[in-house]
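Okay, here's what each chain looks like letter by letter:
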Amino acid sequence: MPKLARRLLLTGFTTLALTATGCSSATHTGAADPASTATLASVADGTQQLDVAAAPQGAPAPTAVARVGAGKGSPEKSSLKVASYDQATGRAVISTAPHGTSPASPAPSHSPTADKPVAVGDVIASAPAPGAPNGLLAKVTEVGRKTDLGTEVKTASTTLSSVLNDDKADGKVPVDPASVTVEPLMKGVTFSWAKSQGVRFGPEGAKLPLGNLRLDVNAPIDTASDAPVSAGASVSGFVQLAPTVEFSYDGSGGSGPRSAFLGMSGDWSSQWSLKGHAAASTGTPKRIPFAKLHSAPVIQVGPVPVVVNLDLTCYVQVEADGRVTLEVRQDVKGDFRVGGSYATGKGWTPVSTSNVQSSPVKAEVTAAGRVKGALGAEASVGLYGAVGVSADFAPYLRGEADAKASASTDGKTSVSGAWALYGGFDLSGQLHFQLSLFGTPVFERRIPLGALNREWPLAGGKTGR
């Protein structure tokens, strides 16, 4: 995708940063400032229920850091910050953030642990910082000398269970469409979004529901070598979605989490048209990526800043025999949910569901042949820069004809010969071993989500000349 920037989907994990809407939280009474309202609620089993919410936005603030003293106790908001980090050596410089830098930044805890100097055994969870664009989740193994920039330390990688311990968290956080970066991969791609407070961007922003982002594409694709100029192949249309990150953690079982979940869900709609004499696909269907989207939202899990990585590659896929001139148009609406779910004794299991419907479509195929067109997306979600779940979601339209066929789902047909038209979608993906970052046992291979396919007839028939 040629470079054109606008921030969108995910990339980067700091500590457990998942943006969630409709999060579980305790009811608070009294007139507390939203930025400093307690995010901990006691649970009957003695653990704490942590709120899950989007990190505060506003004026630039010092890097958010949570710490667990000597790896024990509950995480606390800290006045410390990561001044620099070297990923190759694990060395970092930890300094004290100036107070009152930003009104949007919650005040640090007033406990002795929150403000004391960094010590061996401390677990540091940081939002993106210099040298750590995906955030930092690490344990301090050695404290070195003090410099003008702060205290030098050596660190080692650790897991979320070392900072969340026996606490619980559960929430869904919508991805801020304005946080998504878009890289077009071909000419003719535009990006639009609409967010809360009526802020909108792009040529289609005024039409979008709040929280949605949209990619429009209008570009030529490979045309069969023997096709006339008038049959040049092209694709046009849009993809519109409202992605949400889902996260849960239950550490009440003692050592390591009792259960956990990481995934992505959202509403999806697309309208697209494929025209012309497409070149024959050889072996596998021809996939044409037209845009990459990336976002690295920071979410607050209680006091812990967690960085979530979201990446999306939108594509058009064409499967044809090179013998037909076609005109296909489809409207698709629905939703999807993919992720990985962990439970003690069962390990990680895949989750993949989708509900998609096609509204009136039209397809015209000239000459005998077959064609299948899809407008889909490859998506991945993870923590701290590591992919945890990847998925491929592709609504499609498939047509077959032995002569000339024209049909639409509104009942209008014009046919010579036999023809058939089908709608459907494919959903597949994998769980990756990096999910062990939660503190669960490591699995040595990728676990398939399992292919989910649904297809339904739209129109068809036989007619003599």
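If you're wondering where the values come from, they're calculated on a predicted model, not measured in any experiment.

S.K.: Describe the overall build of the protein chain, and please don't skip the residues or the numbers.
M.R.: In terms of regular secondary structure, the protein chain is built from two helices and 28 strands. Here the protein chain holds 465 residues, and 51% of them are scored as buried. Once local pairs closer than 6 in sequence are excluded, the contacts in the protein chain between residues at least 24 apart make up 74%. As displayed, the protein chain offers around 20300 Å² of accessible surface, 51% of which is attributable to carbon and sulfur atoms.

S.K.: Tell me what's going on with unusual backbone geometry, and back it up with residues and numbers.
M.R.: The backbone of Asn 165 sits at a positive phi, close to 50°, despite the residue not being glycine. Checked against the element boundaries, Asn 165 lands in the loop between α2 (161-164) and β11 (168-174). Here the phi dihedral of Tyr 384 falls at roughly 55°; this positive angle occurs in a residue that is not glycine. With respect to the helices, strands and loops of the structure, Tyr 384 is situated in the loop between β23 (369-383) and β24 (386-401).

S.K.: Let's hear about the pattern of salt bridges: which residues, and what values?
M.R.: The final tally for this structure, using the stated rule, is nine salt bridges. Of the charged contacts, one joins Lys 154 and Glu 142 as a salt bridge, the two residues approaching to 3.7 Å between their closest N and O atoms. Here the residue Lys 154 occupies a position in strand β10 (residues 151-157), and Glu 142 occupies one in strand β9 (residues 136-146), the gap between them amounting to 12 residues. Residue classification places Lys 154 among the partly exposed residues on the basis of a relative accessible area of 28%. With its nearest N and O atoms 2.7 Å apart, the salt bridge here joins Arg 214 to Asp 216. The same class applies to Arg 214 as to Asp 216, namely buried. Ionic contacts of the salt-bridge type, sharing partners, join the residues Glu 204, Lys 207, Arg 214 and Asp 216 into one network.

S.K.: Run through the pairing of strand β13 (residues 189-194), naming residues and quoting values.
M.R.: Taken across its six residues, β13 has five buried, putting it largely inside the fold. Note that β13 and strand β15 (residues 213-220) share five bridges and pair antiparallel. Bridging from a neighbouring strand, Thr 190 pairs with Asp 216 of β15. Where β13 lies against strand β14 (residues 200-201), two bridges are found, and the strand directions are antiparallel. By the bridge assignment for β14, Trp 193 is matched with Phe 201. Two successive antiparallel strands, β13 and β14, enclose a turn made up of five residues, where Gln 197 displays a positive phi of approximately 65°.

S.K.: Please set out the nonpolar core residue by residue, giving values where relevant.
M.R.: Grouped together as the largest cluster of nonpolar side chains are 79 residues, with contacts concentrated most on Leu 215, Phe 290, Leu 293, Val 301 and Phe 438. Of the residues forming this core, the biggest block, nine residues, is contributed by strand β20 (residues 304-320). Excluding residues that lie within four positions of it along the chain, Phe 438 makes contacts with Thr 159, Leu 160, Ser 161, Phe 247, Ser 248, Tyr 249, Pro 257, Ala 260, Phe 261, Leu 262, Trp 348 and Leu 383. Counting residues in hydrophobic clusters, the runner-up holds 13 residues, among them Tyr 85, Ala 129, Leu 136 and Ala 138.

S.K.: Outline the environment of Ser 84, supporting the account with residue identities and numerical values.
M.R.: Relative to the assigned elements, Ser 84 resides in strand β6 (residues 80-86). Accessibility expressed as a relative area gives 27% for Ser 84, which makes it partly exposed. Separated by 10 residues in sequence, Ser 84 and Ile 94 place their C-alpha atoms 7.4 Å apart. Leaving out residues up to four positions away in the same chain, Ser 84 has contacts with Arg 91, Ala 92, Val 93 and Pro 130.

Cut-off values and rules
- Residues numbered from 1 in each chain as written.
- Predicted model: local features only at pLDDT ≥ 70, side-chain atom pairs only at ≥ 80, totals over all residues.
- Heavy atoms only, no water.
- Helix = DSSP H or I, 4+ residues; strand = E, 2+ residues; numbered from the N terminus.
- Buried < 20%, exposed > 50% of the residue type's maximum accessible area, 1.4 Å probe, protein only.
- Contact = heavy atoms within 4.5 Å.
- Areas by Shrake-Rupley, 256 points an atom, 1.4 Å probe, with all protein chains shown as cover.
- Salt bridge = Lys/Arg side-chain N within 4 Å of Asp/Glu carboxyl O.
- Pairing = 2+ DSSP bridges.
- Core = buried A, V, L, I, M, F, W, Y, C linked by side-chain atoms within 4.5 Å.

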